[in-house]
Amino acid sequence: MGGGTSSYREIEETDCILLWGSNARETHPIFFHHLLKGVKRGARLFTIDPRRTSSAQWADVWAGLDVGTDIALAHSMAREIIVSGLAHREFIAHATTDFDDYQASVLPWTLERGEIATGVPAGVIREMAHAFATAPRAMICWTLGITEHHNAVDNVLALINLALLTGHVGRWGSGINPLRGQNNVQGGGDMGALPDRLPGFQHVENDEVRATFDRVWGVRVPPQKGLHLTGMFDAMEHGTLKALYVIGENPAQSEADQQRSVALLRSLDVLVVQDVMHTATVDLADVALPAAAGAFESDGTFTSSERRVQRVRRAKAPPGECRDDLAIIFDMARHMGVEWGAPDAERVWNELRAVSPVHAGMSYARLAAEGGLQWPCYDESHPGEAFLHGRLWERPVGGPRAPFSVVAHELPVEALDDEYPLRLTTGRRLAEYNTGVQTAGYASPVRRGETIDVSPEDAARLGLHEGQAVRVRSRRGAVVAPVHIDHALRPGLAFMTLHFPDEVATNHLTIDASDPKSGTAEFKAAAICLEAVEG
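Only a predicted model underlies this, so the values are computations on that prediction, with no experimental measurement involved.

Enquirer: Residues and numbers for the domain arrangement of the protein chain, please.
Expert: Each assigned domain of the protein chain is listed with its residue range as follows: domain 1 (8-178), domain 2 (185-374) and domain 3 (422-532). Once you take the C-alpha centre of each, domain 1 and domain 2 turn out to be 33 Å apart.

What follows is the structure, given as structure tokens:
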């Protein structure tokens, strides 16, 4: 299941939180509100991030690891848990598989080796390991600091291993939770906007699953997996992808190695863009379809990080020629020779319920009456499940088991050297959003524009001062930005966002090396240098 195992309420009642690769204080402030309730009730908070973010200011311990060393840290914690006799042996025996192979893979990762690999002191690694393993209830939450790497899936598996090792999954107050970066990111995945899944996270290669969709849809669903976003750009480069239909995305500015991405979008025979805002990708489009805003001008549902499905109701008519996404897509089908009738959000939702077992019990009437429901919700008498994988604790004969995964520590693809000695990592800031499409056009009391953030030590070494213009250069391109001296950064680490691409195109710098499993580019680990700009 592609969703967090736990509900927001659980983080308020847990005992230990590992906030890993996430500055939730700025990037997920609603979730962080729930997290702070847990901290105020006594939960220990460990923030694991290369930067000492504003989230770390609330933590008991900040573990400032080197970029790209998350697996090494997880392995070192796991070894300490095992050799200290803190592993949940009973849970491991009846609820998991492949533990022996996993144990063999982490036993070489002593605390001392972990410190050398990650930069986190051995004593801090030990403290986190013992606190997490001995807590009655504990949770791991992560975001793009874990997933925007060339080994993103392995990073996530390393965190899942820690939860299985300690039995911190399948119970109230214990779980593993990816935090979603925008309203309805979870809902997009739930609806099948993934290359290998149909709605409800059902595998497209499963014959029985496809048979259900064939019957309901009246067409044959192809059994092959599709392409993820990085794969699409590779296919453009190879000439095998000629047309692209973009809905609510701005890849001309959001993709790594931006100059390559724009060139490939320009090379397409046909580019159709359907969006609420005028983006840089719209400027490249052959056809632009103005869409209604989903939150206020359309009917439907949103699904949050805690798998909670909530109703969304149209509050006002969309402006000008903007139209509801459903109306556009239904018209597109009509022009392609298929008549779907009048576009109606509830009818589409009920079709989903007919093909996705985890949504079957969520009628519009129930969603309205109950203020939302969490999937899985298998029928209209089912209350929805606050947390997932409780069956792991039921110990049924032949019941479900969770596999441990053997994953290897790998450094970032792009190494530092004398020419490019600084590590650039990217992220978000409070009050801004992604490529600035939804935020950059509005006055903000906290906006300062894009900067290249560097540590005080690096600023002194390079002779830089606050506000000074510098050229930031990588092996792919260069941008000019003002310096901001940030005490949250350690020497050798620099930080930028993607929020102001019209002023400072940060993605000219980032590397498009990607995870072959997820297709996510390594936005967090480019090599750069800084050069003063005269005048």
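This is not the end of the story, as more comes after the structure.
Enquirer: Account for a nonpolar patch on the surface, naming residues and giving values.
Expert: A surface patch of nonpolar side chains, about 420 Å² in accessible area, is lined by Tyr-245, Ile-247, Ile-329, Val-338 and Trp-340. As for its position among the elements, Tyr-245 is in strand E9 (residues 243-247). The exposure class of Tyr-245 is partly exposed, given its relative accessible area of 34%.

Enquirer: So, the nonpolar core: which residues are in play, and what are the values?
Expert: Nonpolar side chains in soluble globular proteins tend to end up buried together. By size, the foremost hydrophobic cluster in this structure holds 50 residues, and its most contacted members are Trp-20, Met-77, Leu-162 and Leu-165. No other element matches the eight residues that helix H8 (residues 122-134) contributes to this core. For Met-77, the contacting residues outside a window of four places in its chain are Leu-18, Trp-20, Ile-125, Met-128, Ala-129 and Leu-162. Ala-481, Ala-494, Ala-505 and Ala-526 belong to the second-largest nonpolar core, a separate cluster that totals 19 residues.

Enquirer: Describe helix H17 (residues 325-335), and please don't skip the residues or the numbers.
Expert: Within H17 the residues assigned to the buried category are Ala-327, Ile-328, Phe-330 and Ala-333. Contacts made by the buried residues of H17 are with E9, strand E10 (270-275), strand E11 (287-290) and helix H18 (345-355). Between a side-chain oxygen at the N-terminus of H17 and the backbone nitrogen of Leu-326 the separation is 2.7 Å; the capping residue is Asp-324.

Enquirer: Describe the pairing of strand E18 (residues 469-473), naming the residues involved and giving the relevant values.
Expert: Side-chain alternation along E18 places Val-470 and Val-472 on a buried face and Ala-469, Arg-471 and Arg-473 on a face that remains uncovered. Looking at chain direction, E18 and strand E19 (residues 478-485) are connected through five bridges and run antiparallel. Within E19, the position partnered with Ala-469 by the bridge is Pro-482. Counted along the chain from E18 to the antiparallel partner E19, the turn is four residues long. Taken together, the four bridges between E18 and strand E21 (residues 526-532) define a ladder with antiparallel strand orientation. Residue pairing across strands places Arg-471 opposite Glu-531, the latter belonging to E21.

Enquirer: Describe the packing of helix H4 (residues 70-83) against H8, listing the residues and the values that go with them.
Expert: The interhelical angle for the contact between H4 and H8, taken along N-to-C directions, is 65 degrees, at an axis separation of 9 Å. Where H4 crosses over H8, the handedness of that crossing is right-handed. Where H4 abuts H8, its residues Leu-73, Ser-76, Met-77, Glu-80 and Ile-81 lie against Ile-125, Arg-126, Met-128, Ala-129, His-130 and Ala-133. Here the contact of H4 with H8 is composed, by residue class, of seven nonpolar, two polar and two charged.

Enquirer: I'd love a proper account of the packing of aromatic side chains, names of residues and values included.
Expert: Given two aromatic rings, one states the distance between the centres and the angle between the planes to describe the pair. The final tally for this structure, using the stated rule, is seven aromatic pairs. Each ring, one from Phe-91 and one from Trp-393, has its centre 4.7 Å from the other, and the planes form 35 degrees; the classification is tilted. In this pair, Phe-91 sits in helix H5 (residues 89-95) while Trp-393 sits in the loop between strand E14 (373-374) and strand E15 (402-403), placing the two residues 302 residues apart along the sequence. Residue Phe-91 is classed as buried on the basis of its relative accessible area of 0%. When the ring of Tyr-102 is compared with that of Phe-404, the centres are 4.9 Å apart and the planes differ by 20 degrees; the resulting orientation is stacked. Here Phe-404 lies in the loop between E15 and strand E16 (422-427) and Tyr-102 lies in helix H6 (residues 99-106), a separation of 302 residues in the sequence. Here the two residues Tyr-102 and Phe-404 agree in accessibility, since each one is buried. Each residue in the set Phe-99, Tyr-102 and Phe-404 is aromatic and connected to the rest through ring pairs, giving one cluster. The ring of Phe-495 is capped by Arg-51, whose NZ or CZ atom sits 3.7 Å from the centre of that ring. One residue, Arg-311, lies across the ring of Tyr-364, its end atom 4.0 Å from the ring centre.

Rules of the game
- Residues numbered from 1 in each chain as written.
- Predicted model: local features only at pLDDT ≥ 70, side-chain atom pairs only at ≥ 80, totals over all residues.
- Heavy atoms only, no water.
- Domains from an automatic or database assignment.
- Patch = residues over 30% accessible without salt bridge, like charges linked within 9 Å, V, L, I, M, F, W, Y side chains within 5 Å.
- Areas by Shrake-Rupley, 256 points an atom, 1.4 Å probe, with all protein chains shown as cover.
- Salt bridge = Lys/Arg side-chain N within 4 Å of Asp/Glu carboxyl O.
- Helix = DSSP H or I, 4+ residues; strand = E, 2+ residues; numbered from the N terminus.
- Buried < 20%, exposed > 50% of the residue type's maximum accessible area, 1.4 Å probe, protein only.
- Core = buried A, V, L, I, M, F, W, Y, C linked by side-chain atoms within 4.5 Å.
- Contact = heavy atoms within 4.5 Å.
- Polar contact = N/O pair within 3.5 Å; in protein donor to acceptor, adjacent residues only side chain to side chain.
- Pairing = 2+ DSSP bridges.
- Axes fitted to C-alpha atoms, helices over the stretch in contact; angles between N-to-C directions.
- Left-handed = near helix turned anticlockwise from the far one by under 90°.
- Nonpolar A, V, L, I, M, F, W, Y, C, P; charged D, E, K, R; others polar.
- Phe/Tyr/Trp six-rings, centres within 6.5 Å; stacked < 30°, edge-to-face > 60°.
- Lys NZ or Arg CZ within 6 Å of the ring centre and 35° of its normal.

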